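The primary structure of each chain is shown beneath.
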Amino acid sequence: MSRDIRAEGSETHAADHADPTPGSVRPGGRTARVRESVLRAAGDLLAERGFATLDLAEVAALAEVGKTTVYRRWRTPAGLVADLLADMAETSLPHSDTGSLRGDLLANAQLVGKTLTDARQGRLFRAVIAAATSDDTAAAALRAFYDTRLTEWSPCVEAAVARGEVPPGTDPRAVLSAVSAPLYYRLLVSGDPVDERAVDVAAEAAALAAEQGVFASGTTEHAHRLPR
């Protein structure tokens, strides 16, 4: 991304005025280029050193943007994290349509696994999650990010219901959460590798549970429960 954004004269340019919520406006032109450069710099620093040491002045210097612009628009490190997550949600890949629930869930698991094992993205997600544990703004932004992703992928489960692969009343968000949860557990807790085997098992386990009616509510038909 661009590294040639520099402070342009007075930093009271109208495009640089802060919104009530950092990153709530998606402007074009110079302001969009500033945002792109600042978010790239913030992401690089988060991936390199984590949230605890994220400093707006350092972000501004790395992005080659006027410091006052960064403080005015994003105000706090958590504001930067919130806008970074909003940008990631906006630019994330659309859901797959393989024609089967298993295929779609495997595609979802592969996308999550690829993200978490990426040298930059994996560290970035650790930093963002760490920020969310200590800051309400970052926590709200993280929830909004995952809400966007679950909404994007929910049609995969809805299509599976229509095809009769899973019972009516199956909760798409619960199914999708069951795919990603074990992969995040490996990343953040156990330290076990997020490898191809883990990705395959996560998708298969979620598909099997969905077929058994584990994620269905308000139905008795097809409500086969796994043995206790």
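Residues numbered from 1 in each chain as written. Predicted model: local features only at pLDDT ≥ 70, side-chain atom pairs only at ≥ 80, totals over all residues. Heavy atoms only, no water.

## Observations regarding the overall build of the protein
When you go through the protein residue by residue, the secondary structure sums to 9 helices and 0 strands. Mapped from its N terminus to its C terminus, the protein presents α and β elements in the order α-α-α-α-α-α-α-α-α. In the protein, which comprises 228 residues, the proportion classed as buried is 41%. Restricting the contact set of the protein to residue pairs at least 6 apart, pairs at least 24 apart contribute 69%. Summing over all exposed atoms, the protein offers an accessible surface of approximately 11,400 Å²; the carbon and sulfur share of this is 54%. (Helix = DSSP H or I, 4+ residues; strand = E, 2+ residues; numbered from the N terminus. Buried < 20%, exposed > 50% of the residue type's maximum accessible area, 1.4 Å probe, protein only. Contact = heavy atoms within 4.5 Å. Areas by Shrake-Rupley, 256 points an atom, 1.4 Å probe, with all protein chains shown as cover.)

## Here's the deal with unusual backbone geometry
Notably, Glu64 is not glycine yet its phi reads approximately 60 degrees, a positive angle. Note that Glu64 resides in the loop between α2 (56–63) and α3 (67–74). A positive phi angle, near 70 degrees, is found at Arg75, a position not held by glycine. By the secondary structure assignment, Arg75 is in the loop between α3 and α4 (77–91). Residue classification places Arg75 among the partly exposed positions, given a relative accessible area of 39%.

## Things to note about a nonpolar patch on the surface
Side chains of Tyr185, Leu188 and Val189 sit close together on the surface and give an oily, nonpolar patch of about 300 Å² of accessible area. Along the chain, Leu188 turns up in helix α8 (residues 172–190). (Patch = residues over 30% accessible without salt bridge, like charges linked within 9 Å, V, L, I, M, F, W, Y side chains within 5 Å. Salt bridge = Lys/Arg side-chain N within 4 Å of Asp/Glu carboxyl O.)

## Considering the environment of Gly213
Mapped onto the secondary structure, Gly213 falls in the segment after α9 (196–211). Judged by relative accessible area, which is 0%, Gly213 ranks as buried. Gly213 sits 43 residues away from Thr170 along the chain, and the two C-alpha atoms are 7.1 Å apart.

## Looking at the packing of helix α7 (residues 136–163) against α8
Their axes nearest at 8 Å, the elements α7 and α8 cross at an angle of 120 degrees. Judged by the angle between their axes, α7 and α8 are oblique. Considering only the axes of α7 and α8, their crossing is right-handed. Here Tyr146, Asp147, Leu150, Thr151, Trp153, Ser154, Val157 and Glu158 of α7 lie close against α8, whose contacting residues are Pro172, Arg173, Val175, Leu176, Ser177 and Tyr184. (Axes fitted to C-alpha atoms, helices over the stretch in contact; angles between N-to-C directions. Parallel < 35°, antiparallel > 145°, perpendicular 65-115°, else oblique. Left-handed = near helix turned anticlockwise from the far one by under 90°.)

## Brief notes about the packing of aromatic side chains
One pass over the structure, following the stated rule, counts 4 aromatic pairs. For the pair Phe125 and Tyr184, a centre-to-centre distance of 6.4 Å together with 70 degrees between the ring planes defines the contact as edge-to-face. Within this pair, whereas Phe125 is found in helix α6 (residues 121–132), its partner Tyr184 is found in helix α8, the two being separated by 59 residues in sequence. Grouping residues by exposure puts Phe125 and Tyr184 together as buried. Where Phe145 meets Tyr146, the ring centres are 4.9 Å apart and the plane angle is 85 degrees; that geometry is what we call edge-to-face. Overall, Tyr146 belongs to the partly exposed group, its relative accessible area being 23%. An aromatic cluster is present here, built from Phe125, Phe145, Tyr146 and Tyr184 joined pairwise through their rings. (Phe/Tyr/Trp six-rings, centres within 6.5 Å; stacked < 30°, edge-to-face > 60°.)

## Things to note about the pattern of salt bridges
Counted according to the given criterion, the structure contains 11 salt bridges. Here Arg35 and Asp87 are joined by a salt bridge, their closest N and O atoms 3.7 Å apart. Taken together, the positions of Arg35 in helix α1 (residues 29–49) and Asp87 in helix α4 put the pair 52 residues apart, joining distant regions of the chain. Looking at Arg35, the relative accessible area reads 8%, which means it is buried.

## Points about the nonpolar core
Core analysis: the biggest nonpolar cluster contains 64 residues, and Val38, Val81, Leu105 and Leu183 have the highest contact counts within it. Considering every element that reaches this core, the biggest residue donor is α7, with 10 residues. (Core = buried A, V, L, I, M, F, W, Y, C linked by side-chain atoms within 4.5 Å.)

This is a description of form; function is not addressed.
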